[in-house]
Amino acid sequence: MKQLMIFATLMATAGSAMAMSEGEYVAKAADCAACHTSSTGANLAGGVRFATPLGEIYSTNITPDVKFGIGGYSFEEFDKAMRQGIAKDGHPLYPAMPYTSYVKMSGKDMHALYDYLMKEVQPQPVANRENDISWPMSVRWPLHVWNSIFLEEGEYTTQADKSAEWNRGAYLVQGAGHCGACHTPRGWAQQEKAVDDQSTAFLSGGELDGWSAPSLRGLRVSQPELVTLLKTGRNAHDAVSGPMGEVITNSTQFMTDADLNSMAVYLLSLKAEPQDKPAKVAVATQAGQQTFMRYCSTCHGVNGGGKDYTIPALAGNLTVNAENPQTLLRVILYGGQTPVTAAHMSDTMPAYGWTLTDEQAAELTNTLRASWGNHAAIVTPEDVAKARKAGKSQDSR
C-alpha cells in the first residue's frame, strides 16, 4: 500500500513537472528531501538519523518555520550555512551536511533554492532532535579548524577546453548532486579525498554507513543506458538498490533529460586508474553453485544474464565485481528494492540472511564473483559477518 501511495504521488508530480519552479528543481537536484525528510515525518522537517564515526547525527528542520526551521534566516545567513557550514547563530555544522559540495553552486541557484524553501515549502513546527554524540566529541569548535583545512571555497569554474554539456554535468555532479559524498573515499579526518576530477581519487568509490558506493570512474555503460538508470533506477541489464535508490526516487528522476545527459557525459569522461590485481581471487565452488541454483537462478538465470529491464544481470555487474563487497553482501543478506519512480513500481529481491550462514553466504558470493567472466577478490565469512552486523545496526534505528 505504501508503494502504491508513493507511486501515485510520483505520477502526479511527473504530470506537473513542467510547473516545477526553478527553486524546487534545484532542491530536487540537491536531493534535499533524502536527508531532511524522515520516513514518518513531514516534508523537510528533519529527523533523519546518520551514523558517523562521532556518533548519531540527526538532520535538521529546513522548513520556513521561524522557531524550529530556517524561517528566520536571511539569504546571506542561508548562503553561509550552505557554502561554509556555519549556522545562523555561528555554530559550525557537521560536514555530514555536504556544504563542501554545495559551495560550488551558483549564486543564481542558491537564490532560487532559498526562495523555494521560504515561499513554497509548508512551515513545520517540528523541534530538532539532539545529536547523540558523547563529550568531548560533541564539542564543535574543532570544526572551524576542519573547515580551514578541508573546505575549498569558490563556485564551480567552467573549463574552457570542455563542452557546455560536459561543464553542466561537472557542475551538477560536483555541486548540487554532491556525488562525491558517497562515491569518493574519505581521509583520516573523514574529509573527501578529492572534490573534483583534478584527482583520480574523485568518485573512485567509498564506504558509508555499512554500504559500499562503487567507483564511478571507467564505467562500462553507454550514455543512453546511464541516463535511463539515473531516470528510472534500471536499464536493460542493471538495477539500483540501497541508498542510491533513494537518490533516484527523490532526486534524479525529476531532472531533465538534458541535465541527465550532461551528467552522463561528464561521468563517462572520468578514466579509471589501473587496479592492482586482488591478492586472492574468488573461486566458484560446488557448494556456492548449489546455493545459487537454489535461490538465485530462477530470477537471474543459470547464465547470470537476468531479465532485460526487470532483473539485473550478474555477469559484469558493477556491484558483484566491486572491490568492496559490502553492498553485494547487504543485498544478499537483507534483500533489496529498486527505486519507486514515475516510470516503474519497485521490484523486490528477497532476503536470504535468515537461511544462509556466514560460510554459505561467502561461498555464494565468491561463486558470483568468479562466474560468467566476473573476476573479483575473495570474500570471507568475516566479511559476511561485518555486513550482517551493519544491516542489523541500521534496522535498529
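Residues numbered from 1 in each chain as written. Predicted model: local features only at pLDDT ≥ 70, side-chain atom pairs only at ≥ 80, totals over all residues. Heavy atoms only, no water.

Help me understand the nonpolar core in this model?
Core analysis: the largest hydrophobic core is formed by 58 residues, its most contacted members being Phe78, Leu113, Leu117, Val173, Leu203, Tyr266 and Leu267. Listing elements by their share of this core, those giving two or more residues are helix 2 (22-29), helix 4 (75-84), helix 5 (99-102), helix 6 (107-119), helix 7 (142-150), helix 8 (164-176), helix 10 (223-232) and helix 12 (257-268). The element best represented in this core is helix 6, accounting for seven residues. If we skip the residues at most four places from it in the chain, Tyr266 touches Trp166, Gly169, Ala170, Val173, Gln174, Asp197 and Phe202. (Core = buried A, V, L, I, M, F, W, Y, C linked by side-chain atoms within 4.5 Å. Buried < 20%, exposed > 50% of the residue type's maximum accessible area, 1.4 Å probe, protein only. Helix = DSSP H or I, 4+ residues; strand = E, 2+ residues; numbered from the N terminus. Contact = heavy atoms within 4.5 Å.)

Can you walk me through the environment of Leu216 in this structure?
The topology assignment puts Leu216 in the loop between strand 4 (211-213) and helix 10. The class for Leu216 is buried, based on a relative accessible area of 13%. For Leu216 and Lys307, which are 91 residues apart along the polypeptide, the C-alpha to C-alpha distance reads 24 Å. In contact with Leu216, not counting residues within four places along its chain, are His183, Leu203 and Leu267.

What is the right way to look at unusual backbone geometry in this model?
Negative phi characterises most residues that are not glycine, and trans characterises most peptide bonds. Following Trp135, the chain continues to Pro136 via a peptide bond in cis, the omega torsion being 10 degrees. Relative to the helices and strands, Pro136 resides in the loop between helix 6 and helix 7. In this structure, Asp31 takes a positive phi of about 55 degrees despite not being glycine. Within the secondary structure layout, Asp31 lies in the loop between helix 2 and helix 3 (32-36). Among the residues examined, Asp31 registers a relative accessible area of 8% and is labelled buried. Located in the positive-phi region is His178, a residue other than glycine, with phi close to 35 degrees. Checked against the element boundaries, His178 lands in the loop between helix 8 and helix 9 (180-183).

Teacher, can you tell me more about the pattern of salt bridges here?
Per the counting criterion, the structure on display carries 11 salt bridges. Across the pair Lys88 and Glu77 runs a salt bridge whose closest N-O atoms are separated by 2.9 Å. A residue pair is termed long-range when its members are at least 10 positions apart, and Lys88 in the loop between helix 4 and helix 5 and Glu77 in helix 4 qualify at 11 residues. Ionic pairing is found between Asp196 and Lys104, a salt bridge with its closest N-O pair at 3.9 Å. Within this pair, whereas Asp196 is found in the loop between helix 9 and strand 3 (206-208), its partner Lys104 is found in the loop between helix 5 and helix 6, the two being separated by 92 residues in sequence. If you follow the salt bridges from partner to partner, you end up with Asp79, Arg83 and Glu155 in one network. (Salt bridge = Lys/Arg side-chain N within 4 Å of Asp/Glu carboxyl O.)

For this particular structure, what's the right way to read the side chain of Ser371?
Residue placement: Ser371 occurs in the loop between helix 16 (358-368) and helix 17 (381-395). For Ser371, a relative accessible area of 14% translates into the label buried. From its side chain, Ser371 meets the backbone oxygen of Thr367 in a polar contact 2.6 Å long. (Polar contact = N/O pair within 3.5 Å; in protein donor to acceptor, adjacent residues only side chain to side chain.)

Teacher, can you tell me more about helix 7 here?
Count 3.6 residues to each turn of an α-helix, and residues three or four apart come out pointing the same way. Listed in full, the buried residues belonging to helix 7 are Leu143, Trp146, Asn147 and Phe150. Projection of helix 7 onto a plane perpendicular to its axis shows the buried side chains occupying an angular sector of 100 degrees, all on one side. Of the exposed residues in helix 7, the ones pointing more than 90 degrees away from its buried face are Ser148 and Ile149. (Arc of directions from axis to C-beta.)

It is not clear to me how the pairing of strand 2 (residues 55-58) should be interpreted in this structure. Could you clarify?
For a regular strand, the rule is simple: side chains alternate between the two faces of the sheet. Pairing of strand 1 (residues 49-52) with strand 2, which is carried by four bridges, proceeds in the antiparallel orientation. What sits directly across from Phe50, in strand 2, is Ile57. In sequence, strand 1 turns back onto strand 2 through a hairpin of two residues. (Pairing = 2+ DSSP bridges.)

Looking at this model, I keep getting lost on helix 15 (residues 326-334). Mind explaining?
Of all nine residues making up helix 15, eight are buried, and the element is well covered by its neighbours. Residues Gln326, Thr327, Leu328, Leu329, Arg330, Val331, Ile332 and Leu333 constitute the buried set of helix 15. Gly335, located one to two residues past helix 15, shows a positive phi value of around 80 degrees.

I keep staring at the packing of aromatic side chains and nothing clicks. Help me out?
Given two aromatic rings, one states the distance between the centres and the angle between the planes to describe the pair. Considering all chains together, one arrives at eight aromatic pairs under this definition. Considering the side-chain rings of Phe78 and Tyr114, the 5.4 Å spacing of their centres and the 50 degrees angle between planes classify their relative orientation as tilted. Of the two residues, Phe78 is situated in helix 4 and Tyr114 in helix 6; the sequence distance between them amounts to 36 residues. The exposure classification of Phe78 matches that of Tyr114, with both residues buried. (Phe/Tyr/Trp six-rings, centres within 6.5 Å; stacked < 30°, edge-to-face > 60°.)

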